[in-house]
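Coordinate analysis (summary)
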Amino acid sequence: MSGPRPGRRGAGGRGAGGRGAGGRGRSTRPPRDRDPVRLAALSVLRAVRVEDGYTNLVLPAVLAQHELSGRDAAFVTELAAGTIRRQGTYDAILAACIDRPLRKVESKVLDALRLGTHQLLGMRVPAHAAISTTVDLVRAKVSPGAAGFTNAVLRKVSARDLTGWLAEVAPEDATDHLGHLAVVHSHPRWVVERLEQALDGVGAAEEVGDLLAADNRAPRVTLVARPGLAERDELPGEPTPYSPFGTVLGTGGDPGAVPAVVQGRAGVQDEGSQLVAVALAQAPVDGRDERWVDLCAGPGGKAALLAALAAERGAHLVGAELHEHRAKLVARAARASKGAVGLAGVVQTDSTQAPFADDSIDRVLLDAPCTGLGALRRRPEARWRRTVADLEDLVALQRALLAEAVRVVRPGGALLYATCSPVLEETAQVVSAALADTPGVRLDDVRPVLGEVPDADGPLPGTVQLWPHRHGTDAMFLALLRKD
């Protein structure tokens, strides 16, 4: 039986694909001429799948290639990013509509089927437009036979709304809790398990559904005014609730239209990321306060803010980064701050063997490489790429980096350990191991330096854990360490 389809009445502008009712996918006009928006979305999915691209980095190049802006660009962004976010759910639905395993469906066809399913079940696109335009794409990019297959599958998908499909394909919560959440919220089972454990670490396991749902919402565009270079009131949008330097531009805002961003005096930076820099800069230190180091500085957002904050105090920041291309990004991001002598330089180096003397640095930031499971709103493809083996490798690296950070920070200085992941193996367990392995290192309370951030207590006393569903930020973890 066909279920209700709330919000799908009306053509929805570009969503109608420029076709009349009753389209059966018989048009022979090339999609590039008639439907560049869906062709662009398909190109994004292919780049993410074949070239291991990141959605947020691939999108600008694809939009420029197809000369799309405004509403068309917004449609492509939602279609591509939304499809990748909800891939797990859509694959479960497609598997119920196809008589062979999805791995045996040609990859290009499967990409298109996912795009069509997202339009049918996740966007305000009429069913006839979602089906006919997807069929046109497959006919042009694959073959007429594949187009017929696509038409048949999507007509089956269109027989139910999302709620109806979830009732059919998702395991029962009572008998398979993790499996139910994985299908309903489109996350791998192991990721659901780790995120639920992370919430349980702060006494809130019951919020896992809210967290997973937040991962599937498009993030807001958040700007940061770099102190000494720009004022927050010259940026558009509403002030961020917790960072003194940010504004929320919204999901559809264009940072490229903001003069301060174009000039490098401001940037695009999640509020949680801003708070990491604020926490390190505001932590009290004893005595000298001149030498700051960002041990894993790429791609440079936190380094740019830290450099500006350092410059206001007559201090200087050195950014350390292993990879050459990321080191160049750090230098580019902090270029405006360099004019204010906040950035002393960028060193390409392995920070597990950092080129700094023992006890020599006043403030150290270690924003450690991690699974990124706290930023799935911005990097939706990460949930499908990361594995448990990746987690194990990253934890070993995090422990080595933190040991080196402890070595270089001076007694009386401040060391901030941060991850863009709430996973306990990467947060509480890494910090606890450092405290156990290194006499004279203690955990300080980072909460007072952040001001009023409600419901942000971390899994260890004095640590902070931010959450997308609570704070509207990436799930940043912050721990402040001291060396006696």
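Please refer to the structure higher up on the page.
Note that the structure is predicted; figures quoted are calculated from it, not measured.

The subject of this paragraph is the packing of aromatic side chains. Under the defined criterion, the tally for this structure stands at one aromatic pair. Between Y417 and F477, the aromatic rings sit 6.4 Å apart at their centres with planes inclined by 70 degrees, giving edge-to-face as the arrangement. Residue Y417 is found in strand β9 (residues 409-419), and its partner F477 is found in strand β12 (residues 477-483); the two are separated by 60 residues along the sequence. The pair formed by Y417 and F477 is uniform in burial state, with each residue classed as buried.

Applying the stated criterion across every chain, the model contains 31 salt bridges. For R114, the salt bridge goes to D91, with nearest N and O atoms at 2.8 Å. Placement of R114 in helix α6 (residues 107-122) and of D91 in helix α5 (residues 87-97) is noted, with a sequence separation of 23 residues between them. Each member of the pair R114 and D91 is classed as buried. Across the pair R378 and D474 runs a salt bridge whose closest N-O atoms are separated by 3.2 Å. Pair noted here: R378 is in the loop between β8 (361-367) and α18 (382-385) and D474 is in the loop between α22 (468-471) and β12, with a separation of 96 residues, a long-range link. Here R378 falls in the partly exposed class, since its relative accessible area comes to 22%.

Moving on: the side chain of D289. Following the sequence through the fold, D289 ends up in the loop between α14 (271-282) and β5 (291-294). At 2.9 Å, the side chain of D289 forms a polar contact with the side chain of W292. Polar contacts involving the side chain of D289 include one to the side chain of R363, which spans 3.0 Å. Apart from the residues within four sequence positions on either side, D289 is in contact with R313, A315, D362 and R363.

This part takes up the layout of surface pockets. As a volume, the second largest pocket reaches approximately 240 Å³. Around the second largest pocket, the lining is made up of 16 residues, and of these L39, L42, S43, R46 and K141 lie nearest the centre. Of all the elements in the fold, those that place two or more residues in the lining of the second largest pocket are α2 (36-50), α3 (55-65), α6 and α7 (127-141). It is α2 that contributes the most residues to the lining of the second largest pocket, five residues altogether. Class assignment for the residues of the lining of the second largest pocket results in seven nonpolar, three polar and six charged.

In a packed pair of helices, the relevant descriptors are the angle between the two axes and the axis-to-axis distance. In contact at an axis separation of 9 Å, helix α11 (residues 189-200) and helix α12 (residues 208-215) are set at 125 degrees when each is read in the N-to-C sense. Taken together, the axis directions place α11 and α12 in an arrangement best described as oblique. The way α11 lies across α12 gives a crossing that is right-handed. Contacts between α11 and α12 pair V192, L195, E196 and L199 from the former with V208, L211, L212 and D215 from the latter.

Within the largest apolar cluster, 53 residues are counted, with the highest numbers of intra-cluster contacts made by V76, L94, L113 and V157. If we skip the residues at most four places from it in the chain, L94 touches L102, L110, L113, R114, T117, V153 and V157. Grouped together as the second largest cluster of nonpolar side chains are 48 residues, L211, F356, A405 and V430 included.

This brings us to the packing of helix α4 (residues 70-85) against α6. Packing of α4 against α6 brings their axes to within 9 Å, and their N-to-C directions diverge by 110 degrees. As far as their axial angle goes, α6 and α4 are roughly perpendicular. Where α4 abuts α6, its residues F75, E78, L79, G82 and T83 lie against R114, L115, H118 and Q119. Class assignment for the residues of the contact of α4 with α6 results in three nonpolar, four polar and two charged.

With that out of the way, let us pick up the side chain of T371. Here T371 lies in the loop between β8 and α18. Here S421 takes part through its side chain, which lies 3.4 Å from a polar atom of the side chain of T371. In contact with T371, other than residues within four places in its own chain, are R386, L391, L394, S421 and E426.

Looking now at unusual backbone geometry. Along the chain, G298 connects to P299 via a cis peptide bond; the corresponding omega equals 5 degrees. Along the polypeptide, P299 turns up in the loop between β5 and α15 (301-312). Residues other than glycine seldom take positive phi values, yet D52 does so here, at roughly 55 degrees. For D52, the location among the structural elements is in the loop between α2 and α3. One non-glycine residue, D455, lies in positive phi territory at about 55 degrees. Relative to the helices and strands, D455 is located in the loop between α21 (447-450) and β11 (464-465).

What counts, and where the lines are drawn
Residues numbered from 1 in each chain as written. Predicted model: local features only at pLDDT ≥ 70, side-chain atom pairs only at ≥ 80, totals over all residues. Heavy atoms only, no water. Phe/Tyr/Trp six-rings, centres within 6.5 Å; stacked < 30°, edge-to-face > 60°. Helix = DSSP H or I, 4+ residues; strand = E, 2+ residues; numbered from the N terminus. Buried < 20%, exposed > 50% of the residue type's maximum accessible area, 1.4 Å probe, protein only. Salt bridge = Lys/Arg side-chain N within 4 Å of Asp/Glu carboxyl O. Polar contact = N/O pair within 3.5 Å; in protein donor to acceptor, adjacent residues only side chain to side chain. Contact = heavy atoms within 4.5 Å. 1 Å grid on protein atoms, 1.4 Å probe; cavity = no way out; pocket = protein on both sides within 12 Å on 5 of 7 lines; lining within 4 Å. Points joined across faces, edges and corners; volume = space filled by probe spheres on them. Nonpolar A, V, L, I, M, F, W, Y, C, P; charged D, E, K, R; others polar. Axes fitted to C-alpha atoms, helices over the stretch in contact; angles between N-to-C directions. Parallel < 35°, antiparallel > 145°, perpendicular 65-115°, else oblique. Left-handed = near helix turned anticlockwise from the far one by under 90°. Core = buried A, V, L, I, M, F, W, Y, C linked by side-chain atoms within 4.5 Å.

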